[in-house]
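Inside the fold
If you want the building blocks of each chain, they are given just below.
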Amino acid sequence: MDQLLLLESVERYLRNEMNAEEKKNFEELRKSNPELDQLVVEHHFFLEEMDRYGEIKRFKANLYDTHHTLKEKGDIKDIDPASQGKLVRLWTKYRRVVAVAASIAGITALVISGIVTAVTPKASIQDIEKLRRIVSSLEQKTNHQGKELNDVKKKIEPGTSIKFGGSSFLVDGKGYLITSAHVVQNAAQVFVQNVKGQDFRAEIVYTDALRDLAVLQIKDADFKAVQTLPYGIRKSSTELAEPIFTLGYPKDEIVYGEGYLSAKSGLQGDTMACQISITANPGNSGGPVLNKNGEVIGILNARQTTAEGFVFAIKSQNILRVVDELKKKDTAHHIRLHTSSSIKNLERVQQVKSIENCIYMVKVVENK
Amino acid sequence: MSTSAKEQDLLKGLANNDKTAIETIYADNYSLIQHFIVNNNGNEDDARDIFQESLIVLYENARSPEFSLNCQIRTYIYSVARRLWLKKLQYARRFEAQVENLEETVPVEEDLGIHEKMSRQYGIMRGAMGKIGEPCKSLLEAFYVHHKNMNEIASFFGYTNADNAKNQKYKCLMRLKKLFFAQYKNGN
């Protein structure tokens with residue numbers, strides 16, 4: 001109770017609520033009592049703080065009221081959400097972030113496109129070329145898988161499944177054939193069949209995957225060497241629009257096709273190949289492309305699946321190179337290439353009649 | 001730049017917590033600050049808080065006898081608000097604070113330093129008030145903030161007489177002082 005009275009006195013003293021006599025007594029007491037003095041000082045500070053707290057609190061309350069009053073009166077309003085939609089507000093809020101993000105995206109895009117342009121040309125052409133080849137060889141595979149090769153002769157043991165095949169043609173009467181490398185890839189055994197349906201064992205003696213060419217040799221006692229080949233291998237290049245024809249085995253019997261040379265380069269400007277306009281199907285790969293004089297100007301190897309009438313043939317000069325390489329590698333092979341055609345002035349029917357005996361179907365038994 | 005008589009009147013009114021003066025100042029300046037805040041990564045609530053805090057700074061200064069405003073109220077409020085908002089942005093580290101300038105500004109750093117100290121003490125008192133709980137808080141506020149006398153307080157809070165109310169007030173005050181000074185000494 002004493003403390004209470006004391007504090008009340010202090011408060012009254014500080015608020016100047018004491019009369020003169022009281023005040024005089026209190027001040028004397030304060031001088032003689034340091035504890036009381038301390039209390040007065042402390043409480044004085046506290047009351048000041050309290051007053052300020054009160055003032056600010058009242059002022060804040062006033063501001064709060066004013067805000068509401070003015071808002072009701074319409075003197076102040078929120079920035080109109082209609083005129084500044086959520087998007088706009090988000091935009092104003094995050095535009096710096098957006099700007100930073102956009103510049104990063106921009107720089108990244110530039111860098112990427114720069115890298116792409118720097119790296120693209122060579123890489124992508126090869127990629128596409130390879131891809132096309134794979135597609136075309138796959139096509140042939142599938143086709144031949146579905147094909148029932150029912151004319152199994154004594155040479156092919158019953159139960160051996162022919163996985164896929166293509167065409168080939170003699171380049172040397174002793175039994176050397178040229179075909180496409182992709183036709184005989186992964187082959188465990190290769191058989192060739194002539195136009196009469198006779199099968200012969202053959203061996204792959206050379207493959208050049210880059211040129212997509214392979215050299216086969218018939219190693220079979222039943223094979224009779226051909227004295228002279230009717231056609232020759234053309235050494236020089238062929239002119240645009242030159243009429244051409246081909247023979248191959250897209251099915252079980254030999255098929256003739258006719259067209260013209262449509263471009264001097266192959267897929268994506270590949271100069272090893274040329275483009276011809278002809279009907280070609282899976283199984284035609286490895287077949288010869290001949291001009292009207294009966295000269296082999298190329299080896300049919302692929303067609304573009306994404307466009308109509310785009311067939312590609314490896315140029316005949318590559319045969320010469322492949323054979324030269326083979327000779328260098330293995331001197332046991334004495335291949336003599338024919339460069340002159342002996343059917344130059346014959347009718348096409350006669351030409352084909354003499355050529356067809358030199359065109360062989362390739363049957364491939366695949367590696368397990 | 002000397003401020004007109006009208007502005008001086010407004011300042012006096014503000015210092016006395018006069019409703020009309022506050023309303024006038026409020027209505028004249030709010031939209032400026034509002035646009036400033038909203039256009040610089042703030043929202044409506046930020047605008048209101050910053051504007052009201054600026055007014056408190058002005059209020060605190062207007063109450064001090066040695067204060068004289070040597071620019072327009074508008075410029076002063078804008079300068080304070082701008083400074084406060086920059087601080088808040090920097091504190092939040094949202095951006096290297098860079099805000100557009102709508103108006104000219106006057107240096108207010110000194111005033112803000114005083115204000116910061118005051119608002120810290122205000123915060124301590126408010127915190128202590130919050131901690132003592134009811135009915136102590138309302139009772140003490142009735143006496144010290146709203147300056148009611150003990151009889152009014154006794155009848156309002158349902159005490160049988162003023163002495164009982166005094167007794168209660170004393171207990172509450174002791175607790176408040178204890179809390180306040182504990183916090184105050186910590187803070188300093």
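1. Considering the state of the cysteines
All names here are of chain B. A complete count under the given rule lists one disulfide over all chains for this structure. Across the disulfide, cysteine 136 is cross-linked to cysteine 172 (sulfur-sulfur distance 2.0 Å). Its torsion about the S-S bond being -70 degrees, the disulfide of cysteine 136 and cysteine 172 is classed as left-handed. Here the residue cysteine 136 occupies a position in helix H6 (residues 136-145), and cysteine 172 occupies one in helix H8 (residues 162-187), the gap between them amounting to 36 residues. In terms of burial, cysteine 136 and cysteine 172 fall into one category: buried.

2. What about unusual backbone geometry?
Omega for the bond connecting glutamate 134 of chain B with proline 135 of chain B falls within 30 degrees of zero, at 0 degrees, which places this linkage in the cis form. Within the secondary structure, proline 135 of chain B is located in the loop between helix H5 (109-132) and H6. The backbone of asparagine 186 of chain A sits at a positive phi, close to 60 degrees, despite the residue not being glycine. Owing to a relative accessible area of 46%, asparagine 186 of chain A belongs among the partly exposed residues under this scheme. Its identity as a non-glycine residue notwithstanding, asparagine 17 of chain B has a phi of 60 degrees, on the positive side. By secondary structure assignment, the location of asparagine 17 of chain B is in the loop between helix H1 (5-15) and helix H2 (19-38).

3. Comments concerning H1 of chain B
Of all the positions in H1 of chain B, only Glu7, Leu10, Leu11, Gly13, Leu14 and Ala15 of chain B are classed as buried. Residues of H1 of chain B that are buried in the fold lie against helix H3 (34-73) of chain A together with H2, helix H3 (44-63) and helix H4 (73-92) of chain B. Where H1 of chain B terminates, the next one or two residues include asparagine 17 of chain B, which has phi positive at roughly 60 degrees.

4. Some thoughts on the interface of chain B and chain A
Between chain B and chain A, the contact holds 48 residues from the first and 45 residues from the second. Each partner contributes to the roughly 4,600 Å² buried at the junction of chain B and chain A, and carbon and sulfur atoms together form 62% of this total. There are six salt bridges connecting chain B and chain A. Its salt-bridge partner being aspartate 65 of chain A, residue lysine 19 of chain B comes within 3.7 Å of it at the nearest N-O pair. Where chain B packs against chain A, one counts 13 residue pairs in polar contact (both at pLDDT 80 or more). Of all the elements in the fold, those that place two or more residues in the side of chain B that touches chain A are H2, H3, H5, H6 and H8 of chain B.

5. Points about the packing of H3 of chain A against H6 of chain B
One can describe the packing of H3 of chain A onto H6 of chain B by two numbers: an axis separation of 10 Å at closest approach and a directional angle of 95 degrees. For the element pair H3 of chain A / H6 of chain B, the angle class is roughly perpendicular. Here His43, Leu47, Met50, Asp51, Tyr53, Gly54, Lys57 and Arg58 of chain A of H3 of chain A lie close against H6 of chain B, whose contacting residues are Leu140, Glu141, Tyr144 and Val145 of chain B. Here the residues of the contact of H3 of chain A with H6 of chain B sort into six nonpolar, two polar and four charged.

6. Overview of the sheet that holds strand E4 (residues 199-208) of chain A
All names here are of chain A. Strands sit in the order E1-E2-E5-E4-E3-E13 around a closed barrel of six strands; the barrel is antiparallel. Shown here is a sheet whose adjacent strand axes are inclined to one another by a mean of 40 degrees, direction ignored. The sheet contact formed by strand E3 (residues 187-193) and E4 spans four bridges and is antiparallel. Paired with valine 192 across the strands is phenylalanine 200, a residue of E4. Across the face of the sheet, helix H5 (residues 317-329) comes into contact with strand E1 (164-172), strand E2 (176-179), E4 and strand E5 (213-218) while running at roughly 90 degrees to E4.

7. Section: the packing of aromatic side chains
Applying the stated criterion to the full structure yields 19 aromatic pairs over all chains. Three or more aromatic residues joined by ring pairs make a cluster, and in this case those are Phe45 and Phe46 of chain A together with Phe180 and Phe181 of chain B. Note that lysine 169 of chain B overlies the ring of phenylalanine 143 of chain B, its terminal NZ or CZ placed 4.1 Å from the centroid. Here the guanidinium or amino end of lysine 177 of chain B rests over the ring plane of phenylalanine 46 of chain A, the centre of that ring lying 5.8 Å away.

8. Side note on the packing of H3 of chain B against H4 of chain B
When two helices pack together, you describe them by how their axes are tilted relative to each other and by the distance separating the axes. Residue and element names in this part refer to chain B. With their axes 9 Å apart at the nearest point, H3 and H4 run at an angle of 125 degrees to one another. With respect to their mutual orientation, H3 and H4 come out oblique. Our pair here, H3 against H4, has a crossing hand that is right-handed. Between H3, through Asp46, Ile50, Phe51, Glu53, Ser54, Leu55, Val57, Leu58 and Asn61, and H4, the contact on the second element is made entirely by Ile73, Tyr76, Ile77, Val80, Ala81, Leu84, Trp85 and Lys88. In the contact of H3 with H4, the residues fall into twelve nonpolar, two polar and three charged.

9. Digging into the pattern of salt bridges
Residue and element names in this part refer to chain A. Overall, the coordinates contain 22 salt bridges over all chains when judged by the stated rule. Put simply, arginine 30 and aspartate 37 hold a salt bridge, and the shortest N to O gap is 2.5 Å. The class of arginine 30 is partly exposed, set by a relative accessible area of 22%. Residue class for aspartate 37 comes out partly exposed when judged on its relative accessible area of 29%. Residue arginine 348 is joined to glutamate 258 by a salt bridge in which the shortest nitrogen-to-oxygen separation is 3.2 Å. Here arginine 348, found in helix H6 (residues 348-355), pairs with glutamate 258, found in strand E8 (residues 255-263); they are 90 residues apart in sequence, far enough to count as distant. In this structure glutamate 258 comes out as exposed when scored by relative accessible area, which is 53%.

10. A look at the environment of threonine 207 of chain A
All names here are of chain A. Looking at the element boundaries, threonine 207 is found in strand E4. Linking threonine 207 and valine 184, residues 23 residues apart in sequence, is a C-alpha distance of 8.8 Å. In this structure threonine 207 touches Ala181, Val184, Leu213 and Ala214, once residues within four positions along its chain are discounted.

11. A closer look at the side chain of asparagine 62 of chain A
Among the secondary structure elements, asparagine 62 of chain A is positioned in helix H3. With relative accessibility at 9%, the residue asparagine 62 of chain A sits in the buried group. Excluding residues within four positions of it along the chain, asparagine 62 of chain A makes contact with Asn17, Lys19 and Ile22 of chain B.

12. Some details on the pairing of strand E13 (residues 359-366) of chain A
Residues and elements named next belong to chain A. Taking burial as the measure, the eight residues of E13 include seven buried ones, the bulk of the element. Relative to E13, E1 runs antiparallel, the two sharing six bridges. Counterpart to serine 168 in the pairing with E13 is tyrosine 360. As judged from the six bridges shared by E3 and E13, these two strands associate in the antiparallel manner. Within the sheet, the bridge partner assigned to glutamine 193 lies in E13 and is methionine 361.

What counts, and at which threshold
Residues numbered from 1 in each chain as written. Chains lettered and ligands numbered in written order. Predicted model: local features only at pLDDT ≥ 70, side-chain atom pairs only at ≥ 80, totals over all residues. Heavy atoms only, no water. Disulfide = S-S within 2.5 Å. Helix = DSSP H or I, 4+ residues; strand = E, 2+ residues; numbered from the N terminus. Buried < 20%, exposed > 50% of the residue type's maximum accessible area, 1.4 Å probe, protein only. Contact = heavy atoms within 4.5 Å. Buried area = accessible area lost by both parts, 1.4 Å probe. Salt bridge = Lys/Arg side-chain N within 4 Å of Asp/Glu carboxyl O. Polar contact = N/O pair within 3.5 Å; in protein donor to acceptor, adjacent residues only side chain to side chain. Axes fitted to C-alpha atoms, helices over the stretch in contact; angles between N-to-C directions. Parallel < 35°, antiparallel > 145°, perpendicular 65-115°, else oblique. Nonpolar A, V, L, I, M, F, W, Y, C, P; charged D, E, K, R; others polar. Pairing = 2+ DSSP bridges. Phe/Tyr/Trp six-rings, centres within 6.5 Å; stacked < 30°, edge-to-face > 60°. Lys NZ or Arg CZ within 6 Å of the ring centre and 35° of its normal. Left-handed = near helix turned anticlockwise from the far one by under 90°.

Purely geometric numbers; function is a separate question.
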